[in-house]
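# Structural description and commentary
Listed here are the chains, written in short residue letters.
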Amino acid sequence: RQTDDESWLKRSLAQIAQSLQGAQTFTTMAHTLFAQLAPLLQLGQGVLYVYQEDTRRLRMLGSYAFRERKSLDQYFELGQGLVGQCAMERIPISLMHPPADYVVVGSSLGFAAPKALHVLPVLRNDRLLGVLELACFKPFEPRQQALVDELMPLLAANLEILERNVKTSKLLEETRRQAEEMAAQQASLKESEAYNKMLFQDSSRAIVIMESGKGITDCNQAAVRVYGFETREQVLSKITLD
């Protein structure tokens, strides 16, 4: 039996790990997690929350059979409810035989209260990444508890990797957007310079550009004709007195 349990545990963890690696978004990861976990734990309900460090609160990512509860909260503050308390203390919280009207697990055939409720912190090197809430019709068997214990570090690692990938994708998208804006600005500037140069060169009025100490640094063909020269180069570096 011990060998069978160890084989089941390794096989289950490998299957979950492989599935989580393919998730590209947090929502997809939550759905994938519960799809793999539900048959292994005989799960009645489940909810995964991610911790947002900037707002210091938990946001619901995804759920399994999440149909009814007293308060349908998408967000939890630290210390608010069991989810917030678990996040604040960073330790698992388990309730056996919760009140019948606390959580109801139902289907088209009927409804019943779960016998065990587990609220688990998702930690990575003492950093809080989220909270996993599970409701089951019976307490975990030893191999199911071992699976949950092994799962939490695996889930934390995948959440951290996905978080890093999402941040990198956002940074690359912002960099691409800035590059496109810069390219558009440069194109507009070149177009403006070309237009101004066309007005400068084709104007019938004599136009010169002078700099202090350097004299005339540029002129159009009308200025060359007005001043009585033959080429533009003959006008450059001269002053109005010349």
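A brief structural summary. These figures come from a predicted structure and were not determined experimentally.

For the rest of this paragraph, the subject is the overall build of the protein chain. When you go through the protein chain residue by residue, the secondary structure sums to 5 helices and 10 strands. Against the globule reference of 18 Å for 242 residues, the protein chain gives a C-alpha radius of gyration of 35 Å, more extended than a compact globule. Each principal axis of the C-alpha distribution contributes one length, and for the protein chain these read about 105 × 40 × 35 Å. A total of 242 residues make up the protein chain; the buried ones form 36% of that total. Entry remark: accessible area of the protein chain is about 14900 Å², with carbon and sulfur atoms responsible for 52%. With 27 positive and 29 negative side-chain charges, the protein chain shows a spacing of 2 Å between the two charge centroids.

Turning next to the pattern of salt bridges. This model, assessed by the stated rule, comprises 15 salt bridges. Two residues, E173 and R176, come together in a salt bridge whose shortest N-O distance is 2.3 Å. Of this pair, E173 and R176 both sit in helix α4 (residues 142-202), 3 residues apart, roughly one helical turn. Given the relative accessible area of 43%, E173 is considered partly exposed. What makes R176 partly exposed here is its relative accessible area of 39%. Here E181 makes a salt bridge to R177, at a shortest N to O gap of 2.4 Å. Within this pair, E181 and its partner R177 are both found in helix α4, separated by 4 residues, close to a single helical turn. With relative accessibility at 33%, the residue R177 sits in the partly exposed group. Taken together, the shared-partner salt bridges in this structure form one network comprising E53, R124, R127, E160, E163 and R164.

It is worth spelling out the packing of aromatic side chains at this point. What characterises a pair of aromatic rings is the spacing of the ring centres plus the angle enclosed by the ring planes. Considering all chains together, one arrives at 2 aromatic pairs under this definition. Both rings, one in Y49 and one in F76, keep their centres 5.4 Å apart while their planes meet at 85 degrees; by these two values the pair is edge-to-face. Here Y49, found in strand β1 (residues 43-52), pairs with F76, found in strand β3 (residues 75-77); they are 27 residues apart in sequence, far enough to count as distant. F76 carries the same exposure label as Y49, and that label is buried. The ring centre of Y75 lies 3.9 Å from the NZ or CZ of R57, which sits over that ring. Taking the ring centre of W8 as reference, the NZ or CZ of R143 above it sits at 4.4 Å.

If you add up the space inside the largest pocket, you get close to 340 Å³. Around the largest pocket sit 14 residues that line it, and F26, Y51, Q52, E163 and K167 are the ones nearest its centre. Contributing elements (two or more residues each) for the lining of the largest pocket: β1, β8 (127-136) and α4. No other element matches α4, which puts 5 residues into the lining of the largest pocket.

Our focus in this paragraph is the state of the cysteines. Within this structure, the stated rule accounts for 0 disulfides. Not engaged in a disulfide, the cysteine C136 finds its nearest cysteine sulfur in C86; these two sulfurs lie 15 Å apart.

Analysis parameters
Residues numbered from 1 in each chain as written. Predicted model: local features only at pLDDT ≥ 70, side-chain atom pairs only at ≥ 80, totals over all residues. Heavy atoms only, no water. Helix = DSSP H or I, 4+ residues; strand = E, 2+ residues; numbered from the N terminus. Rg over C-alpha atoms; globule rule 2.2 N^0.38 Å. Buried < 20%, exposed > 50% of the residue type's maximum accessible area, 1.4 Å probe, protein only. Areas by Shrake-Rupley, 256 points an atom, 1.4 Å probe, with all protein chains shown as cover. Lys, Arg positive; Asp, Glu negative; His and termini not counted. Charge placed at Lys NZ, Arg CZ, Asp CG, Glu CD. Salt bridge = Lys/Arg side-chain N within 4 Å of Asp/Glu carboxyl O. Phe/Tyr/Trp six-rings, centres within 6.5 Å; stacked < 30°, edge-to-face > 60°. Lys NZ or Arg CZ within 6 Å of the ring centre and 35° of its normal. 1 Å grid on protein atoms, 1.4 Å probe; cavity = no way out; pocket = protein on both sides within 12 Å on 5 of 7 lines; lining within 4 Å. Points joined across faces, edges and corners; volume = space filled by probe spheres on them. Disulfide = S-S within 2.5 Å.

Taken by themselves, the reported measurements are silent on function.
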